[in-house]
Amino acid sequence: PRLPDLQVIERPGWLQIVTPSITTGGLNEVIHSQLDEHDADRAIDDAIAIYRDRGLKFRWNAGPGSGPADLGERLARRGLTLSHGRGMARSTVSSGEHGDVRVVDASTLEPFTEVMAAGWGSDPSALLSLHRHVFAEGRQVMFLAYDGGVPAATASYVACERSAYLIGGVVLPAHRGRGLYRGLVHARLAHARARGLELATSHARESTSAPILDRLGFETVCRMAMYFG
């Protein structure tokens, strides 16, 4: 989403985004970095300083095509925390149960934001500004799951030309183990299928969502390292 303060830094072998208004995670990321071995340390230090000088949490993707070969070691030496992720995909054909999952509209944008902020430990005011922008753009469809009538979990997908990119799944701790995450997956698959999108993809963390998506028929396309600062 093109927030007013979003900065895109792009050059051959490099793509980075910086969003000063989102301080607690999201839209601050080195998306791709193919660095020359001799210039890597300078480029890494410059990129990290952009975030740390502004007090921003950020992510550095070190997936397929990243370089140099020891990029991960260099990031770890600078205090970034390693997490493993998977690129996953499956057909949007689904007969799974949705439960009480509803598409977010203008009237439920605030509870959607409150649940996501609580689940991720984020600033709700900054997230609400982001979600209002996303909602107005219309490419991202947001879902809110209820447990006993209480808003308890959120997820979204971005509608691409041929596929749906599943993002943002979070379930509040008190409501876990009740099928809400699965319901959100099936609801998104069905919604995407109804609009003619035949493929669903996701970038899932190895330690959290990837095993669930495995059980729901997603196949692992690639594995990648992610570093958080």
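Scroll up for the structure.
Residues numbered from 1 in each chain as written. Predicted model: local features only at pLDDT ≥ 70, side-chain atom pairs only at ≥ 80, totals over all residues. Heavy atoms only, no water.

Engineer: Which parts of the structure should I look at to understand the sheet that holds strand β3 (residues 29-33)?
Structural biologist: Two modes of strand pairing occur in sheets, parallel and antiparallel, and in both the strands are linked by backbone hydrogen bonds. Reading across the sheet, the 11 strands line up as β1-β2-β3-β4-β11-β5-β10-β9-β8-β7-β6 and stay open at both edges, with mixed pairing between neighbours. Strands at the two margins of the open sheet, each flanked by one partner only, are β1 (7-11) and β6 (101-103). On average, each strand axis in the sheet is inclined to that of its neighbour by 25°, with strand direction left out of account. Bridging between strand β9 (residues 163-171) and strand β10 (residues 199-205) involves four bridges; their strand directions are parallel. Of the residues in β10, the one forming a bridge with Ala-164 is Ala-200. Strand contacts of helix α1 (residues 40-52): β1, β2 (14-18), β3 and β4 (59-62), with the helix running at about 15° to β2, the strand carrying the most contacts. (Pairing = 2+ DSSP bridges. Helix = DSSP H or I, 4+ residues; strand = E, 2+ residues; numbered from the N terminus. Axes fitted to C-alpha atoms, helices over the stretch in contact; angles between N-to-C directions. Contact = heavy atoms within 4.5 Å.)

Engineer: I tried to follow the environment of Glu-137 on my own but got confused; where do I start?
Structural biologist: As for its position among the elements, Glu-137 is in helix α4 (residues 124-137). Overall, the relative accessible area of 41% leaves Glu-137 in the partly exposed class. Linking Glu-137 and Ser-94, residues 43 residues apart in sequence, is a C-alpha distance of 27 Å. If we skip the residues at most four places from it in the chain, Glu-137 touches Pro-1 and Arg-2. (Buried < 20%, exposed > 50% of the residue type's maximum accessible area, 1.4 Å probe, protein only.)

Engineer: What should I look at first to understand the packing of helix α3 (residues 109-120) against α4 in this one?
Structural biologist: A packed helix pair is summarised by two numbers, namely the angle formed by the two axes and the spacing between the axes. Interhelical geometry of α3 versus α4 gives an angle of 130° and a closest axis separation of 9 Å. The angle between α3 and α4 places the two elements in the oblique class. Seen from above, α3 lies across α4 with right-handed handedness. In this structure, α3 contributes Leu-109, Glu-110, Phe-112, Thr-113, Met-116 and Ala-117 to the contact, and α4 contributes Pro-124, Leu-127, Leu-128, His-131, Arg-132 and Phe-135. Across the contact of α3 with α4, the residue classes tally to eight nonpolar, two polar and two charged. (Parallel < 35°, antiparallel > 145°, perpendicular 65-115°, else oblique. Left-handed = near helix turned anticlockwise from the far one by under 90°. Nonpolar A, V, L, I, M, F, W, Y, C, P; charged D, E, K, R; others polar.)

Engineer: Would you take a moment to explain the packing of aromatic side chains for this structure?
Structural biologist: Two numbers describe a pair of aromatic rings. These are the distance of the centres and the angle of the planes. Enumeration over the complete set of coordinates arrives at three aromatic pairs. Taking the centre distance of 5.7 Å and the plane angle of 85° together, the rings of Trp-14 and Trp-60 count as edge-to-face. In this pair, Trp-14 is assigned in strand β2 and Trp-60 in strand β4, connecting sequence segments 46 residues apart. The pair formed by Trp-14 and Trp-60 is uniform in burial state, with each residue classed as buried. Aromatic pair Tyr-51 and Phe-58: ring centres 4.6 Å apart, planes at 10°, arrangement stacked. Across this residue pair, the class does not change: Tyr-51 and Phe-58 are buried. Over the ring of Phe-218 we find Arg-90; its NZ or CZ atom is 6.0 Å from the centre of that ring. (Phe/Tyr/Trp six-rings, centres within 6.5 Å; stacked < 30°, edge-to-face > 60°. Lys NZ or Arg CZ within 6 Å of the ring centre and 35° of its normal.)

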